[in-house]
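Analysis of the macromolecular model
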Amino acid sequence: MLKKFFTIVIVPRRTSAVKKIHIASFVFGIGAILIIALISAWVYMIMDYTKVRKQLLDYEAIRKQYQEEETQLNEFVTRYETLDMHFENLKALNHKLKQMTRTRSENTSEIDREKAKQLSQKIEIAKKSGILEVIAADSSEIDSELKYGQEIRFDNLVHYFRETPNPFTRIPSTLPVKGYQVNIFGTNNDPFTGEITPQDGIDIATRPFHPVYAPADGIAIVLSTNETYGNLLTVDHGNGFVTRYGHLAKFEVSQGDIVRKGTIIAQAGNTGHTTRPRLHYEILLNGIPQNPAKYIED
């Protein structure tokens, strides 16, 4: 039986002998199968590459979308925190206003009741012992208290000014409290009305009840309370220098006490015309307000 085969005829371009190649059918079949397999593999690789490329493009699009959403989320968180901070400030302001209103009404009613009680007591005493004795007793008590306070203050003043002074320790040269400056010297925006008002010192934001240190040696001359600065402490350092400390939560010295540089004289607070804990700090030279920033040592 003759084997089947395929004949390939090669005809050259120039005149020469025609070449014939005989290929067995099974060899031709194997070659065809290999060629089909190679073509199939090549097509599969192209399709797989196209699929992977598409997946990479989809992944890149998803990654960009995720980054955009993450950026939007961070912006939302920042806005939320800002709104939350403003809301807390509004709550604190509302509480402060209510407290101020309540305190004023309570203080007014308490003062009225106390005055009425004292007046009724004095009337009763006057009925029994005579009005002149009541007046004389009140005057003697007031005179004795004033005299005692004046003696203490005079003794401290004499002791302070008899010392051999170190000029550097009597010039305010440090910040009295740790914090950051929120209002500069010169002008200030009122936190309640928004109006621009004169600012004779600086405001330093700090934690409540944070210790306030004396920036120089001096004597505590005035401990008072007013509507603007709340609890207010005034210290005389001599040579025309006077410092004032407002919005205090607590005094740590008494009138007439000698204070030394670096000692605690008060605690920062939120009293007076303010919305958050801070210290109002002033330096006066011969009664003229000075910029505290010029006196702070680096």
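Structure first, text after, so check above.
Our subject in this report is the structure included herewith.

Basis of the calculations
- Residues numbered from 1 in each chain as written.
- Predicted model: local features only at pLDDT ≥ 70, side-chain atom pairs only at ≥ 80, totals over all residues.
- Heavy atoms only, no water.
- Helix = DSSP H or I, 4+ residues; strand = E, 2+ residues; numbered from the N terminus.
- Buried < 20%, exposed > 50% of the residue type's maximum accessible area, 1.4 Å probe, protein only.
- Contact = heavy atoms within 4.5 Å.
- Areas by Shrake-Rupley, 256 points an atom, 1.4 Å probe, with all protein chains shown as cover.
- Phe/Tyr/Trp six-rings, centres within 6.5 Å; stacked < 30°, edge-to-face > 60°.
- Core = buried A, V, L, I, M, F, W, Y, C linked by side-chain atoms within 4.5 Å.
- Pairing = 2+ DSSP bridges.
- Salt bridge = Lys/Arg side-chain N within 4 Å of Asp/Glu carboxyl O.

Looking now at the overall build of the protein chain. When its secondary structure is counted, the protein chain shows two helices and 14 strands. For the protein chain, with 298 residues in total, the buried portion stands at 22%. Long-range pairs, those at least 24 residues apart, make up 59% of the contacts in the protein chain between residues at least 6 apart in sequence. Summed over all atoms, the accessible surface of the protein chain reaches about 21700 Å², with 60% contributed by carbon and sulfur.

So, on to the packing of aromatic side chains. In total, this model carries two aromatic pairs according to the counting rule given. An angle of 85° between the planes, with centres 5.8 Å apart, marks the rings of Phe241 and Tyr295 as edge-to-face. With Phe241 in strand S10 (residues 241-251) and Tyr295 in the segment after strand S14 (288-290), this pair connects stretches of sequence that are 54 residues apart. Residue Phe241 is classed as buried on the basis of its relative accessible area of 10%. Look at Tyr245 and Tyr281: their rings are 5.6 Å apart centre to centre, the planes differ by 25°, and that puts the pair in the stacked class.

Membership of the largest hydrophobic core comes to 19 residues, with the highest contact counts inside it found for Val212, Leu233, Tyr245, Leu248 and Ile265. Discounting residues that sit within four places of it in the chain, Tyr245 has contacts with Pro176, Val212, Pro215, Asn231, Leu232, Leu233, Val235, His237, Ile265, Leu279, His280 and Tyr281.

The side chains of a regular strand alternate, first on one face of the sheet and then on the other. Of all the nine residues making up strand S9 (residues 230-238), eight are buried; the element is thus mostly covered by neighbouring parts of the structure. Looking at chain direction, strand S8 (residues 218-226) and S9 are connected through seven bridges and run antiparallel. Among the inter-strand pairings, Asn226 is bridged to a residue of S9, identified as Gly230. Linkage of S8 to S9, two consecutive antiparallel strands, is achieved through a turn of three residues. Two elements, S9 and S10, share six bridges in a ladder whose sense is antiparallel. Bridging from a neighbouring strand, Thr234 pairs with Arg244 of S10. Once S9 ends, the chain turns through two residues before running back antiparallel as S10, passing Asn239 with a positive phi of about 55°.

What follows covers the environment of Gly287. Mapped onto the fold, Gly287 is located in the loop between strand S13 (278-285) and S14. Here Gly287 falls in the exposed class, since its relative accessible area comes to 56%.

Attention shifts here to unusual backbone geometry. In the Ramachandran plot, Phe209 falls in the positive-phi region, its phi being about 65° despite a non-glycine side chain. Following the sequence through the fold, Phe209 ends up in the loop between strand S6 (202-205) and strand S7 (211-213).

Moving on to the pattern of salt bridges. Applying the stated criterion across every chain, the model contains four salt bridges. Across the pair Asp203 and Arg278 runs a salt bridge whose closest N-O atoms are separated by 3.2 Å. Separated by 75 residues along the polypeptide, Asp203 in strand S6 and Arg278 in strand S13 bring together distant segments of the chain. You can call Asp203 buried: its relative accessible area is 5%. Notably, a salt bridge pairs Arg244 with Glu282, separated by 3.2 Å at the nearest N-O pair. Placement of the pair is Arg244 in strand S10 and Glu282 in strand S13, with a sequence separation of 38 residues. We classify Glu282 as buried; its relative accessible area is 2%.

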